[in-house]
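# Secondary and tertiary structure notes
Listed below are the residues making up each chain.
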Amino acid sequence: MRRPLVAGNWKMHGTRASVAELINGLRKQVLPVSVEIAVFPTCLHVAQVLDGLQGVHVEVGAQDCAVDPVQGALTGEIAASQLQDAGCAMVLVGHSERRLLLGETDADVVRKFAAVQSCGLIPLLCVGETLEQREAGKTLAVVGAQLASVIDVLGVDVFARAVIAYEPVWAIGSGLTASPEQAQQVHAAIRAQLAVQSVEVACAVRVLYGGSVKAANAAELFGMPDIDGGLVGGASLNADEFGAICRAAGS
Ligand code: PGA
C-alpha cells in the first residue's frame, strides 16, 4: 500500500505575516495521520514554518536547489546540503515554471535530483506536458522523455527514494483540471515505464497529480488507482482548503 502524500507548493507567495496566518490556520486543521503532508514555502520562510508547525505532522520542503549539493561560490543559489541543514525533508525538482520560464533543462533537473538524494532528502520530480503538446498527441512521449532523462542517468532504483508529480502545464493555476481519467492514463504510463526496469520500484513509488487541485475535485482524483495524492499550488495557500484536500486523501 502506498501512503498518500499531499504537498503544498506555496511558490513565490508569502510575507512573514501571511505565513504566520497560514501556520495558525494549518494548526487548527484535523489532518489525517494516514496521509503524509508537506508544504514548500520560499526558502525565506522555511525556518518560520518549521518552527510554527512543530508538533504538527507536516514536513517542510524547498521549491528548488542548486545543481551542486555542496556549498560554494554561486551567488543566489541554495545547496541541497544547506536545505538539509535547515530542516527540509524534500525538494521539488523540475517544476514546469522553472523548466518553461527559467529555462531549466532535463540535464539540470537530473543534477538537482541527484544533489537532493545525495544529501538524504527526497526529490519530488515534476513532469508534464503543455497544451500544445497534448493537442498534438504528444503527452505520453513528453512525460516519458522527462522521466527517462532521470532513469537513463541515475537508474530506476533512485525512484525508491523519490516522488513523482504529474502536472499538466495547462492545468496549473488555470482552474482547468485534468479529468481523473486523463490523469490516471498518464499516471499508469509513468508506472508502466518504471516497471520495464523494476516492478518493485514501479509499484512502490508515489505519483501525485498537480494542476488546479482543490477540495471540490480532490476526492475524485485521489480515487484513481495510480494517483497517490496531490501537489497543490493555489489551494495550498488557504489552510481550510488545504486541510480538506489532505482529508480527501485520507478517506
Ligand atoms: P495549482 O499549481 O494547484 O495552482 O494549479 C500546482 C503546481 O504548480 O504545483
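It should be emphasised that the depicted structure is a prediction, and the values quoted were computed from it without experimental measurement.

Here the focus is the overall build of the chain. Of the regular secondary structure elements, the chain holds 11 helices and 8 strands. At 17 Å, the chain has a C-alpha radius of gyration in line with the 18 Å of a compact globule built from 251 residues. Within the chain, buried positions represent 53% of all 251 residues. Nonlocal contacts in the chain, meaning residues at least 24 apart in sequence, comprise 72% of its contacts between residues at least 6 apart. Entry remark: accessible area of the chain is about 11000 Å², with carbon and sulfur atoms responsible for 55%. Computing the positive centroid from 17 side-chain charges and the negative centroid from 25, the chain places the two 3 Å apart.

Read around the closed barrel, 8 strands run 1-2-3-4-5-6-7-8, paired in parallel fashion. Each strand of the sheet is rotated relative to its neighbour by a mean of 25°, with strand direction disregarded. Packed onto the sheet, helix 5 (residues 106–118) meets strand 4 (90–93) and strand 5 (122–127) and runs at close to 160° relative to strand 5.

Time to look at the pairing of strand 6 (residues 163–166). Across the two faces of strand 6 the burial is the same, with Val-163 and Ala-165 and Ile-164 and Tyr-166 all buried. Taken together, the 4 bridges between strand 6 and strand 7 (residues 206–210) define a ladder with parallel strand orientation. The residue of strand 7 that forms the bridge with Ile-164 is Val-207.

Taken together, 13 residues surround the ligand, and among them Lys-11, His-95, Glu-167, Gly-173 and Ser-212 come closest. Asn-9 has a polar side-chain atom sitting 3.5 Å from an oxygen atom of the ligand. In the environment of the ligand, an oxygen atom lies 2.7 Å from a nitrogen or oxygen atom belonging to the side chain of Lys-11. Notes on the ligand: free accessible area 280 Å², of which the protein chains cover 95%. Its residues assigned to classes, the shell around the ligand shows 4 nonpolar, 7 polar and 2 charged.

Further remarks concern the nonpolar core. In this structure, Phe-159, Ile-190, Leu-194 and Phe-222 are the most contacted members of the largest nonpolar core, which totals 67 residues. By residue number, the principal contributor to this core is helix 11 (residues 239–250), which donates 6 residues. Excluding residues within four positions of it along the chain, Phe-159 makes contact with Phe-113, Leu-125, Leu-147, Val-150, Ile-151, Ile-164, Leu-194, Val-201 and Val-205.

Between its first and last C-alpha, helix 11 extends 17 Å over 12 residues, near the 16 Å set by a 1.5 Å rise per residue. Among all positions of helix 11, only Ala-239, Phe-242, Gly-243, Ile-245, Cys-246, Ala-248 and Ala-249 are buried. Of the surrounding secondary structure, the elements contacted by the buried residues of helix 11 are strand 1 (5–9), helix 1 (16–27), strand 2 (36–40), helix 10 (215–222) and strand 8 (229–232). Put simply, Asn-238 is the residue that caps the front of helix 11, since its side-chain oxygen is 3.0 Å from the backbone nitrogen of Asp-240.

Moving on, we come to the environment of Gln-84. When you line up the elements, Gln-84 lands in helix 3 (residues 80–86). In this structure, the C-alpha to C-alpha distance between Gln-84 and Gly-120, residues 36 residues apart in sequence, is 7.7 Å.

What the rule picks out here adds up to 12 salt bridges. Between Asp-226 and Arg-191 there is a salt bridge whose closest N-O contact spans 2.6 Å. Note that Asp-226 is positioned in the loop between helix 10 and strand 8 and Arg-191 in helix 8 (residues 180–195), a separation of 35 residues in sequence. One salt-bridge network, in which partners are shared between bridges, spans Arg-2, Arg-191, Asp-226 and Asp-228.

This paragraph deals with a nonpolar patch on the surface. A contiguous nonpolar patch, built from Leu-100, Leu-101 and Leu-102 and spanning about 350 Å² of accessible area, is present on the exposed surface. Looking at where Leu-102 falls in the secondary structure, it is placed in the loop between helix 4 (96–101) and helix 5.

Turning our attention to unusual backbone geometry. With phi around 50°, Lys-11 is a residue other than glycine that occupies positive phi space. Along the polypeptide, Lys-11 turns up in the loop between strand 1 and helix 1. On the basis of relative accessibility, which here comes to 17%, the residue Lys-11 falls in the buried class. We note that Ser-212 has phi near 55°; this positive angle belongs to a residue other than glycine. Examined against the element boundaries, Ser-212 turns out to sit in the loop between strand 7 and helix 10. The class of Ser-212 is buried, set by a relative accessible area of 16%.

The rules behind each value
Residues numbered from 1 in each chain as written. Predicted model: local features only at pLDDT ≥ 70, side-chain atom pairs only at ≥ 80, totals over all residues. Heavy atoms only, no water. Helix = DSSP H or I, 4+ residues; strand = E, 2+ residues; numbered from the N terminus. Rg over C-alpha atoms; globule rule 2.2 N^0.38 Å. Buried < 20%, exposed > 50% of the residue type's maximum accessible area, 1.4 Å probe, protein only. Contact = heavy atoms within 4.5 Å. Areas by Shrake-Rupley, 256 points an atom, 1.4 Å probe, with all protein chains shown as cover. Lys, Arg positive; Asp, Glu negative; His and termini not counted. Charge placed at Lys NZ, Arg CZ, Asp CG, Glu CD. Pairing = 2+ DSSP bridges. Axes fitted to C-alpha atoms, helices over the stretch in contact; angles between N-to-C directions. Near = heavy atom within 4 Å. Polar contact = N/O pair within 3.5 Å; in protein donor to acceptor, adjacent residues only side chain to side chain. Nonpolar A, V, L, I, M, F, W, Y, C, P; charged D, E, K, R; others polar. Core = buried A, V, L, I, M, F, W, Y, C linked by side-chain atoms within 4.5 Å. Expected span 1.5 Å × (residues − 1). Salt bridge = Lys/Arg side-chain N within 4 Å of Asp/Glu carboxyl O. Patch = residues over 30% accessible without salt bridge, like charges linked within 9 Å, V, L, I, M, F, W, Y side chains within 5 Å.

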